[in-house]
Amino acid sequence: MFRPVAAAPAEPNPVKHLSRSRRQQGWLGKAAAGLRAVQGAARAVLLHTRSLTTFVILHSSFGILPAAPPPELTVLRTQYEKVLAERVTAPFEASLSDLNDKYMGGLDRAIAEAKQAGDLKSVLAIEAEKKRLTDKLPIPAEDDDETPPALKKLRPIYREQWKKLNAQSTANHGAILPAYQARLQALEATLTKADRVDEAKEVMEYREGLAVGATSAIAETKPAANGTTAPATDPEPITDTGPKVSAEDAARQLVEWAVRNGHKAMITGRKGPLTVTAPQDIPEQKFNLLKIESLGGAGSHEALPWRLFQFTPEVDRLYVGIGDKTVVGPDDVAMLRKLKQLKSLEFKGKVVETRALVAAMPPLPSLSELIIAVGIGGDELAMLADKYPQVTGLAFVPREGVSDSDFAALDRFKHVERLRLDWLKEPLTAGKARVIARMPALISLGSMFPFVAPLDTATAALLPNIKTAHLHYKVPRGTVEGLCALPSLNSLMFRNFDAFAEEHLTAITSVSGLTELNLDGISKLDDAALTRILTALPALKELRIVNCGSITDAALSSLTGLKNLVKLTLGKNTALSADAVFAHCKGLGKLKNLSVKDTAISDAALAAFKKARKDVEVEK
C-alpha cells in the first residue's frame with residue numbers, strides 16, 4: 001500500500017558516502033555496459049539462458065538505490081519485478097528449457113551416429129557442445145571448418161528457434177514496460193506536487209534508466225483519451241502472501257469491522273438475509289457476507305482488512321466509505337480479485353496515486369455498477385472503460401482541470417445507462433456535453449455534492465439523449481434549472497434537499513411532459529410546494545414521496561389530478577393519515593401499485609382499501 005511520507009529522507013554525508021545521483025549513475029553505467037553486451041549477443045543470435053537472465057535483471061536493477069527510495073517507488077518496483085518474472089522471465093525460461101531438451105536429444109543422437117562411424121573427433125566436438133549447453137554458455141555465432149557436419153546441421157535449427165523465443169520475450173517485455181514508465185511518470189508528478197522533489201528526482205532517474213534498456217519491439221498500443229498512446233496492459237499488483245482464512249472467519253471479521261466503523265452489513269445464513277448494524281446482531285452460526293454499505297456519512301477510523309475479500313466470493317455488493325485519512329492503495333483494491341459475483345462496487349478513501357490504483361483494480365466480470373469517489377482523469381477513464389466495458393451505472397469525481405479531450409474517454413463506455421458526476425468543481429463545457437451525447441446507451445445524468453451547476457440551459461440543449469436527471473444533496477444555484485432544461489427529460493429525482501426554493505419550483509413545474517418524479521428526503525417540503533408541483537405535472541405515471549416529513553393530508557388532494565398515475569410510493573411520511581391516503585388513491589383509475597412501507601397505516605384500513613381496489617397491489 002502506498003504510504004504518505006512526512007518529509008524527504010536526508011541526503012547522506014557527502015564525505016562518507018556518494019550522493020544518490022552519483023550512485024544512481026554508477027548503477028546506470030553498469031547497466032548500460034551490461035546491456036551493450038546483451039545487445040551484441042542478440043545481434044549474433046546466440047544469447048543463452050544466462051544472457052536473458054542478465055537482460056531481465058538489468059531492467060529490474062535500475063531502481064536498486066543504496067539509500068531508501070520513496071515508499072511509492074518500492075511498491076511500484078515490486079509490482080513491476082513480479083510482472084516481469086511472470087510475463088517475461090518465466091515464459092522464456094520454460095520455452096528455452098524445452099528447446100534445450102530437444103537440442104540435447106539431437107546431440108545425443110549425433111554422438112551415437114558418430115560413435116557408430118568411429119568418428120572420434122566428431123564425438124568429442126559434440127560432447128563439448130553438450131557441456132556448453134549444460135554450463136549455460138552461448139552457442140558459437142558461426143561455424144568454422146573444424147565444426148562437425150552434425151553440428152552444422154543442428155545449430156541453425158537451434159539458432160532459428162532461439163530467435164523466435166528472444167523476439168517473443170522482447171515483445172512481452174515491451175508490452176509491460178510502457179505502462180510501468182507511465183506509472184512512474186505519474187508518481188513523479190505526484191511527488192513534485194507534494195514538494196518531495198528529491199524523491200521525485202530519484203523516480204525520474206530510475207525511469208530514465210529503464211528507458212536506456214527499453215526494447216525496440218513494443219506491444220500494440222491504442223490511443224488514449226488525450227491523443228497520446230496508452231499501453232495495452234498495465235503491471236499487475238503484487239499478490240497477497242498472508243495466511244489463508246476460511247470464508248466463515250473472513251466474513252465474520254469483515255462484518256465486525258463494518259459495525260465497529262459505522263457501517264451496516266447484509267449477511268445470509270440459516271434464517272435467511274439479515275442486516276447487521278451492531279455487534280450483538282452478529283449471529284454465532286455460520287453466515288455469508290453479501291454486502292457492506294454506509295449507514296449515511298459514516299467514515300471508518302480503522303483500516304479496512306482488504307485481504308479478507310479474497311475469501312468471501314459470495315459478496316455481490318460492496319460499499320466502503322473509509323474516510324479521507326485512510327489510504328487506499330493498489331494492493332488494497334487488488335484483493336477484490338476473487339469477487340467474481342460482485343455487481344456493485346462503491347468506495348472512497350485517500351488515494352496517493354490514482355492511476356496506480358485504477359491500474360491495479362482487478363477484472364470483475366459481474367460488475368454492473370461502479371461508484372468511485374476518486375479524482376479521475378482521461379487516462380483513468382480509459383483504463384476503467386477497458387477493464388469494465390459491461391458496466392451500466394458509473395459514478396466518479398472528475399479531476400479538476402480535465403480537458404474535453406481527456407473527457408472523451410467516456411464514450412468508450414458502450415453500455416453505461418446511468419452516469420453520475422460527483423463533487424463537480426467545473427461546469428460541463430459544450431465539448432464535454434457532446435462526449436456525453438455520444439455515449440450510446442446513456443439516458444440518465446446525475447450529480448452528488450456539486451460545487452457548481454453541472455450545466456446551463458444552453459449546454460443542456462446539447463444532450464437530447466438524457467431522459468432522467470438525478471440530484472443528490474444541496475446544490476448550487478442554477479443546477480436544477482440546467483437539468484430541467486434537458487430537451488427529452490421525463491424523469492426527475494431529488495434526494496436529501498432541505499427544501500425547494502422558488503427557482504427550483506419554477507424549473508420543475510416547467511417540465512410539463514414529466515412522467516416520473518422522485519422526492520426522497522426533502523425534509524422541509526411543505527403542502528403548498530407539493531401541491532404546486534403535482535398540479536403542474538398531470539402526465540406523471542410514477543410518483544415517489546419518501547421521508548418528506550413536513551407534508552400533511554392537505555397536500556394529497558392534488559393527487560386526484562394525476563389521471564395517468566400507475567405507481568405511487570408514500571413511505572416514512574409520518575404526518576400522513578391512512579384515511580387520507582386511501583381516500584385519494586381510490587379515485588386513481590390507472591393505479592396498479594401502491595407502496596406505504598414504514599407508515600402508520602393499520603391493517604384494517606389496508607384491508608378496506610384492498611376490498612375497494614382489488615386491482616391495486618399494495619406493499620406495506
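Nothing here was measured: the structure is a model prediction, and the numbers come from that model. (Residues numbered from 1 in each chain as written. Predicted model: local features only at pLDDT ≥ 70, side-chain atom pairs only at ≥ 80, totals over all residues. Heavy atoms only, no water.)

## Things to note about the packing of aromatic side chains
Item 1. Tallying each qualifying case throughout the model produces 11 aromatic pairs.
Item 2. Here the aromatic rings of phenylalanine 494 and phenylalanine 497 are separated by 5.5 Å at their centres, their planes lie at 75°, and the arrangement is edge-to-face.
Item 3. Given the relative accessible area of 0%, phenylalanine 494 is considered buried.
Item 4. Judged by its relative accessible area of 3%, phenylalanine 497 falls in the buried class.
Item 5. By way of ring pairs, the aromatic residues Trp306, Phe309 and Phe347 are connected into one cluster.
Item 6. Against the face of phenylalanine 451 rests lysine 425, its NZ or CZ located 5.5 Å from the ring centre.
Item 7. One Lys or Arg, lysine 432, reaches over the ring of phenylalanine 407 and ends 5.8 Å from the middle of that ring. (Phe/Tyr/Trp six-rings, centres within 6.5 Å; stacked < 30°, edge-to-face > 60°. Buried < 20%, exposed > 50% of the residue type's maximum accessible area, 1.4 Å probe, protein only. Lys NZ or Arg CZ within 6 Å of the ring centre and 35° of its normal.)

## With respect to the pattern of salt bridges
Item 1. Evaluated as defined, the whole model comprises 23 salt bridges.
Item 2. Across the pair arginine 532 and glutamate 502 runs a salt bridge, and its minimum N-O distance is 2.9 Å. Residue arginine 532 is found in helix 16 (residues 527-536), and its partner glutamate 502 is found in helix 15 (residues 502-509); the two are separated by 30 residues along the sequence.
Item 3. Overall, arginine 532 belongs to the partly exposed group, its relative accessible area being 34%.
Item 4. Among the ionic pairs, arginine 613 bridges to aspartate 615, the shortest N-O distance being 2.9 Å.
Item 5. We classify arginine 613 as buried; its relative accessible area is 9%.
Item 6. One salt-bridge network, in which partners are shared between bridges, spans Glu129, Arg132, Asp143, Arg155 and Arg159. (Salt bridge = Lys/Arg side-chain N within 4 Å of Asp/Glu carboxyl O. Helix = DSSP H or I, 4+ residues; strand = E, 2+ residues; numbered from the N terminus.)

## Comments concerning the nonpolar core
Item 1. Core analysis: the biggest nonpolar cluster contains 126 residues, and Leu419 and Phe494 have the highest contact counts within it.
Item 2. At 7 residues, the largest contribution of residues to this core is made by helix 7 (residues 247-260).
Item 3. For phenylalanine 494, the contacting residues outside a window of four places in its chain are Leu471, Val480, Phe500, Ile508, Leu517, Asn518, Leu519, Asp520 and Ile522.
Item 4. Formed by 17 residues, the second largest nonpolar core is a distinct cluster that contains Leu99, Val123, Ile126 and Ile139. (Core = buried A, V, L, I, M, F, W, Y, C linked by side-chain atoms within 4.5 Å. Contact = heavy atoms within 4.5 Å.)

## Some points on the packing of helix 15 against helix 16
Item 1. The N-to-C vectors of helix 15 and helix 16 enclose an angle of 20°; their axes lie 9 Å apart at closest approach. When the axes of helix 15 and helix 16 are compared, the pair comes out roughly parallel. Between helix 15 and helix 16 lies a crossing whose hand is right-handed. For the pair formed by helix 15 and helix 16, the contact residues are Glu502, Leu505, Thr506, Ile508 and Thr509 on the first element and Ala529, Arg532, Ile533 and Ala536 on the second.
Item 2. Here the contact of helix 15 with helix 16 is built from residues that sort into 5 nonpolar, 2 polar and 2 charged. (Axes fitted to C-alpha atoms, helices over the stretch in contact; angles between N-to-C directions. Parallel < 35°, antiparallel > 145°, perpendicular 65-115°, else oblique. Left-handed = near helix turned anticlockwise from the far one by under 90°. Nonpolar A, V, L, I, M, F, W, Y, C, P; charged D, E, K, R; others polar.)

## Section: the confidence of the model for the protein chain
Item 1. Looking at the protein chain as a whole, its pLDDT mean stands at 79, while 81% of the residues score no less than 70.
Item 2. In the model, residues 1-67 has pLDDT below 50 throughout and makes 117 contacts with residues more than four positions away in sequence or in other chains.
Item 3. Taken as a whole, residues 211-238 scores under 50 in pLDDT and shows 76 contacts with residues more than four places along the chain or in a different chain. (pLDDT = per-residue confidence, 0-100.)

## As for the environment of tryptophan 423
Item 1. Within the secondary structure, tryptophan 423 is located in the loop between strand 10 (418-422) and helix 12 (430-438).
Item 2. Accessibility expressed as a relative area gives 27% for tryptophan 423, which makes it partly exposed.
Item 3. As a C-alpha pair, tryptophan 423 and arginine 399 span 24 residues in sequence and 9.5 Å in three-dimensional space.
Item 4. Once you skip the residues sitting within four places of it in the chain, tryptophan 423 turns out to touch Ala373, Val397, Met448, Phe449, Pro450 and Phe451.

## Comments concerning the packing of helix 3 (residues 71-116) against helix 5 (residues 149-193)
Item 1. Two elements in contact, helix 3 and helix 5, have axes whose closest approach is 10 Å; the angle formed by their N-to-C orientations is 175°. Between helix 3 and helix 5, the angle is such that the two are roughly antiparallel.
Item 2. Partitioning the contact of helix 3 with helix 5 into residue classes produces 24 nonpolar, 9 polar and 5 charged.

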